[in-house]
Amino acid sequence: MSNISEVFVIDVSGVIEYRDKKHCVCVSVTSDKYLLINTSHRNIYDDFEIKSADYAFLKPKNRFVCCSELHEFKSDKIIKSVGNLNRGDMLKIIDKIQNSEYIKKKDKDSVVAELNTWLLNSH
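In this text the structure is predicted, and so the values were computed from the model without any measurement.

Draft legend 1. Representation of the overall build of the protein chain. Secondary structure assignment for the protein chain yields 2 helices and 7 strands. When its helices and strands are written in sequence order, the protein chain yields β-β-β-β-β-β-β-α-α. A compact globule built from 123 residues would reach a C-alpha radius of gyration of about 14 Å, and the protein chain, at 13 Å, matches this within 12%. Across its three principal axes, the protein chain shows a C-alpha extent of roughly 30 × 30 × 30 Å. The 123 residues of the protein chain split such that 46% are buried. Accessible surface, the protein chain: about 6900 Å² in total, of which carbon and sulfur atoms supply 49%. Charged side chains of the protein chain number 19 positive and 18 negative; the gap between the two group centres comes to 3 Å.

Right under this line is the structure:
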C-alpha cells in the first residue's frame, strides 16, 4: 500500500509511450493517483523543480514534478519505493493541484481533500 508523498519507481509500459519505468509520487491512496516525475521542464506540464540535493533517489540531477495530470496506477505496477517528498515540495503539489486548469474538478476536489488530511497529520 502506498503513502501520500511516497515516491516509487513504477512500471509504465503500455501506459506511457516509449517508457518502461518512471518515478512517480503518490498524491492519493484511496484512488491510486500519482504525479509523474520528469527529467526536463516543460510549461505544458505545469511542473516545478525538485532538487537532487534533497533526495538521494534523484542523484545526480534535479527533476520536475508534473502537476497537470493525475495518473492512476494499481499496486501491481509498483516496482519499488525509493523515498518520500519533503513537506515543502508536497505543499507546492497541493497548491499546483488546487489551482490547476488541467485537472478535472471532481478529481481535484478528492485529491486535495486527501492531501489536506495528510498535511494535518504529518509533522
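Here the narrative resumes.
Draft legend 2. Spatial organisation of helix 2 (residues 105-121). Over its 17 residues, helix 2 runs 24 Å from end to end, which matches the ideal 24 Å to within 8%, given 1.5 Å per residue. Every buried residue belonging to helix 2 is among Asp107, Lys108, Val111, Val112, Glu114, Leu115, Trp118 and Leu119, and all of these are buried. Buried positions in helix 2, seen along its axis, are confined to an arc of 165° and lie on one side of it. The exposed residues of helix 2 that point more than 90 degrees off its buried face are Lys105, Lys106, Leu120 and Asn121. As for helix 2, its buried residues are in contact with strand 2 (21-28), strand 3 (33-38) and helix 1 (87-98).

Reading the values: the criteria
Residues numbered from 1 in each chain as written. Predicted model: local features only at pLDDT ≥ 70, side-chain atom pairs only at ≥ 80, totals over all residues. Heavy atoms only, no water. Helix = DSSP H or I, 4+ residues; strand = E, 2+ residues; numbered from the N terminus. Rg over C-alpha atoms; globule rule 2.2 N^0.38 Å. Buried < 20%, exposed > 50% of the residue type's maximum accessible area, 1.4 Å probe, protein only. Areas by Shrake-Rupley, 256 points an atom, 1.4 Å probe, with all protein chains shown as cover. Lys, Arg positive; Asp, Glu negative; His and termini not counted. Charge placed at Lys NZ, Arg CZ, Asp CG, Glu CD. Expected span 1.5 Å × (residues − 1). Arc of directions from axis to C-beta. Contact = heavy atoms within 4.5 Å.

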